[in-house]
Amino acid sequence: MRAPMGVMVFGLARSGTTLVSDLLTIPGRSIVISEPEVYKQWSRATAARVHRLARLVGLDIPEAPPEPDAYGGDYQRYFDEVMLPAMGKLPLWGIKNVDFSGWRFLFKNYPPQRLILCVRDLRDTALSGLDRICRLGITFRGSGSGIMRDEAWVLSGLAYSVHQLMEMQKRPHLLVRYEDLASDPDARKRIADYVGLDRLQEERLNIKAAEMRRAWEIEKHQGGIGTASVGRFASEPPGPARALAERLWRLLPEYSRTFGYEVPPADPALSDHDFALRRPAGAAPIDYLDTESWSWDGPHQFEPSFAQRRARIAVAKVIPAGVKVLDLGTGAPSLTSLLPTKAPPLHGDSVARAPGFLVSALHRGELPPIGSADLIAILGMMEHVEDPMALLTRLAGTGRPVALSYHAADDTGTLDRRQFGWVNHLTRAELEAAFAAAGFRCKAHWAFDGRQSLFHLTPLAGRKSAVADKAPAR
């Protein structure tokens with residue numbers, strides 16, 4: 001008979017779950033494994049990471065990482081036959097997850113004696129998730145030619161997770177708010193008391209075992225617990241990333257109300273949104289597999305993050321190999337992963353989301369140094385610019401061709417543009433006049449996806465554009 005799981009740690013990604021699992025991982029006494037992915041397909045990277053952690057804690061397991069052939073490629077079999085007996089010799093063992101898909105199956109097969117739920121202000125969570133994509137460079141492609149990790153994924157993935165978390169929180173649990181965990185030693189003591197430990201661990205062993213994340217996370221927190229990421233939303237300048245975080249917060253007010261955060265103003269217009277918690281009876285829930293699919297159209301309602309994804313996919317198809325693109329207002333640097341060949345990435349935004357980002361106040365129309373870029377892409381950003389004419393004039397002054405997206409006011413008559421953080425509302429005629437006044441020759445693909453237009457702008461005195469002169473595929 002296997003020893004029962006002492007504790008399960010669950011929460012939204014970027015809500016402090018890894019920190020909690022590290023606090024509870026003490027060599028010779030306890031282990032909480034971060035994301036063991038027990039019921040998924042065998043992953044050599046996951047198996048190696050879990051093996052490194054087990055060795056750091058001192059579990060009696062083979063020195064070499066497991067090979068899938070020895071267990072018929074069944075990772076759960078390896079976990080049950082090797083890891084469980086070894087962990088069962090400790091006073092406390094558990095696992096931590098932020099992946100809510102299949103959580104009921106996990107609870108059924110590995111029922112925890114205690115449950116810790118981690119939460120964080122939704123706005124901070126969304127921005128931290130976007131920053132993580134940039135820091136780790138995980139804007140990889142799915143099956144096909146699309147993106148799996150971008151702003152649309154952050155929005156839909158967190159919405160799905162919140163739905164599941166609101167169900168999970170009906171079970172007995174200890175609630176841990178990230179803000180309290182970072183600033184209040186008593187919150188950490190409550191965790192120790194809850195699981196029956198007389199102390200918590202100081203070394204970040206799960207991060208140490210996860211080589212991909214180690215340097216960034218340890219540098220950020222200096223190996224300890226700090227408040228550097230508390231109130232992340234407050235420091236985010238106006239733009240698509242800030243609007244995304246606020247959009248998620250407004251879509252799911254019940255989350256903030258339940259867990260003691262600032263509650264957004266009531267907005268009846270969002271009550272029947274596909275991502276809302278209180279939706280009409282019989283409405284289908286968010287499907288986890290949809291949130292993971294690059295080709296998903298998204299909710300029935302218009303969402304700028306999905307429009308931004310469509311613009312990136314369309315523009316990438318007409319950029320020839322070898323062109324060096326400066327992606328401005330990039331948020332997630334997903335456009336680079338879609339280009340036909342990997343040129344050195346050039347990313348510009350209002351925030352340094354990762355080392356090498358070029359920072360300027362894009363929302364005020366300011367540009368970073370252009371450097372050796374052949375082409376400037378600015379997709380999903382111009383609606384957030386206070387003075388679009390100033391931005392266009394500066395873009396023309398670079399002498400570089402520009403790929404730009406915009407939702408003309410003529411094509412968004414049914415939308416309340418301000419709810420998306422958009423601060424300018426140009427018509428088609430006004431756009432064409434602005435392009436000409438700035439010094440651009442314009443080729444327009446109006447409303448290519450129903451509302452959004454794409455523009456190939458060539459400076460009148462500039463060199464020939466590197467962008468193929470053809471309409472993007474829908």
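Further up the page is the structure itself.
Residues numbered from 1 in each chain as written. Predicted model: local features only at pLDDT ≥ 70, side-chain atom pairs only at ≥ 80, totals over all residues. Heavy atoms only, no water.

Student: I'd like a rundown of the overall build of the protein, residues and numbers included.
Tutor: Counting its regular elements, the protein contains 17 helices and 12 strands. Against the compact-globule benchmark of 23 Å for 474 residues, the protein has a radius of gyration of 24 Å, which places it among compact chains. Taken along the three principal axes of its C-alpha coordinates, the protein extends 75 × 50 × 40 Å. Looking at the protein as a whole, 58% of its 474 residues qualify as buried. Looking at the protein alone, contacts between residues at least 24 apart form 70% of all its contacts between residues at least 6 apart. Accessible surface for the protein amounts to roughly 19700 Å². Of this, 51% is attributable to carbon and sulfur atoms. When the 59 positive and 54 negative side-chain charges of the protein are each reduced to one mean point, those points stand 2 Å apart. (Helix = DSSP H or I, 4+ residues; strand = E, 2+ residues; numbered from the N terminus. Rg over C-alpha atoms; globule rule 2.2 N^0.38 Å. Buried < 20%, exposed > 50% of the residue type's maximum accessible area, 1.4 Å probe, protein only. Contact = heavy atoms within 4.5 Å. Areas by Shrake-Rupley, 256 points an atom, 1.4 Å probe, with all protein chains shown as cover. Lys, Arg positive; Asp, Glu negative; His and termini not counted. Charge placed at Lys NZ, Arg CZ, Asp CG, Glu CD.)

Student: Outline the sheet that holds strand β10 (residues 402-406), supporting the account with residue identities and numerical values.
Tutor: Taken in spatial order, the 7 strands of this open sheet run β8-β7-β6-β9-β10-β12-β11, and their pairing is mixed. Since the sheet does not close on itself, it has two edges, and those belong to β8 (358-359) and β11 (440-445), each with one partner. (Pairing = 2+ DSSP bridges.)

Student: Summarise the side chain of Asn424; cite the residues concerned and give the values.
Tutor: When you line up the elements, Asn424 lands in the loop between β10 and α17 (428-438). One polar contact links the side chain of Asn424 to the main-chain carbonyl oxygen of Met382, over a distance of 2.8 Å. Sequence-distant contacts of Asn424, defined by excluding residues within four places in its chain, comprise Met382, Glu383, His384, Val385, Pro388, Tyr406 and Arg417. (Polar contact = N/O pair within 3.5 Å; in protein donor to acceptor, adjacent residues only side chain to side chain.)

Student: Which residues make up α17, and what are the values?
Tutor: Of the residues making up α17, those classed as buried are Leu431, Ala434, Phe435 and Ala438. Looking down the long axis of α17, one finds its buried residues gathered within 100° of arc, a one-sided arrangement. In this structure, α17 carries Ala429 and Ala437 as exposed residues pointing more than 90 degrees from its buried face. If you follow the buried residues of α17, they end up packed against α16 (388-397), β10, β11 and β12 (453-459). Once α17 ends, the next one or two residues include Gly439, with phi positive near 105°. (Arc of directions from axis to C-beta.)

Student: Any details on the packing of helix α2 (residues 44-57) against helix α3 (residues 75-87)? Residues and values, ideally.
Tutor: Remark: α2 packs on α3, axes separated minimally by 12 Å, with the N-to-C direction vectors making an angle of 10°. Taken together, the axes of α2 and α3 are roughly parallel relative to one another. Considering only the axes of α2 and α3, their crossing is right-handed. When α2 is examined against α3, the residues Thr46, Ala47, Val50, His51 and Ala54 are found in contact with a partner set consisting of Tyr75, Tyr78 and Met83. Its residues placed into classes, the contact of α2 with α3 shows 6 nonpolar, 2 polar and no charged. (Axes fitted to C-alpha atoms, helices over the stretch in contact; angles between N-to-C directions. Parallel < 35°, antiparallel > 145°, perpendicular 65-115°, else oblique. Left-handed = near helix turned anticlockwise from the far one by under 90°. Nonpolar A, V, L, I, M, F, W, Y, C, P; charged D, E, K, R; others polar.)

Student: Explain the pairing of β10 to me, and be specific about the residues and the numbers.
Tutor: Of all 5 residues in β10, 5 are buried; the element is thus mostly enclosed. Each parallel crossover has a hand, and the one from strand β9 (residues 375-378) via α16 to β10 is right-handed. Sheet topology places β10 next to β12; 5 bridges connect them, and they run antiparallel. Along β12, the bridge assignment pairs Val402 with Leu457. (Right-handed = clockwise from strand over helix to strand, strands pointing away.)

Student: Give a detailed account of the packing of aromatic side chains, specifying residues and quantitative values.
Tutor: Within this structure, the stated rule accounts for 20 aromatic pairs. Relative to Tyr288, the ring of Tyr160 has its centre 5.5 Å away and its plane inclined at 50°; by these criteria the two rings are tilted. Linking Tyr160 in helix α6 (residues 151-168) with Tyr288 in helix α13 (residues 288-291), this pair joins segments that are 128 residues apart in sequence. Residue Tyr160 is classed as buried on the basis of its relative accessible area of 8%. Measuring from centroid to centroid gives 6.0 Å for Phe302 and Trp422, while their planes differ by 75°, and the two rings are edge-to-face. (Phe/Tyr/Trp six-rings, centres within 6.5 Å; stacked < 30°, edge-to-face > 60°.)

Student: Please set out the packing of α6 against helix α11 (residues 240-251) residue by residue, giving values where relevant.
Tutor: Running from amino to carboxyl end, α6 crosses α11 at an angle of 20°, the nearest separation of the two axes being 11 Å. Considering their axes alone, α6 and α11 lie roughly parallel with respect to each other. Of the two elements, α6 crosses α11, and the hand of that crossing is right-handed. Along its contact with α6, which presents Glu151, Val154, Leu155, Leu158 and Ala159, the element α11 presents Leu244, Leu248 and Leu251.

Student: Residue-level account of the pairing of strand β2 (residues 30-34), with values.
Tutor: Taking burial as the measure, the 5 residues of β2 include 5 buried ones, the bulk of the element. Where β2 meets strand β3 (residues 92-97), 5 bridges bridge the pair, whose relative direction is parallel. When the bridges of β3 are listed, Ser30 appears paired with Leu92.

Student: Break down the sheet that holds strand β1 (residues 5-11) for me, citing the residues and quoting the values.
Tutor: If you trace the 5 strands from one edge of the open sheet to the other, you get β2-β3-β1-β4-β5, paired in parallel fashion. The open sheet has two free edges, formed respectively by β2 and β5 (174-177), since each of these has just one partner strand. When the angles between neighbouring strand axes are averaged without regard to direction, this sheet yields 20°.

Student: Got a sec to walk through the pattern of salt bridges? Specific residues and values, please.
Tutor: Close approach of charged atoms allows side chains of opposite charge to pair. Taken as a whole, this structure holds 26 salt bridges when the rule is applied. Of the charged contacts, one joins Glu81 and Arg77 as a salt bridge, the two residues approaching to 3.1 Å between their closest N and O atoms. Of this pair, Glu81 and Arg77 both sit in helix α3, separated by 4 residues, roughly a single helical turn. Put simply, Arg232 and Asp131 hold a salt bridge, and the shortest N to O gap is 2.9 Å. With Arg232 in the loop between α10 (211-221) and α11 and Asp131 in helix α5 (residues 122-136), the pair connects residues that are 101 residues apart, well separated along the chain. Grouping residues by exposure puts Arg232 and Asp131 together as buried. Each of Asp131, Arg232, Glu236, Asp349 and Arg353 takes part in salt bridges that share partners, so that together they form one network. (Salt bridge = Lys/Arg side-chain N within 4 Å of Asp/Glu carboxyl O.)

Read these as spatial facts, not as claims about activity.
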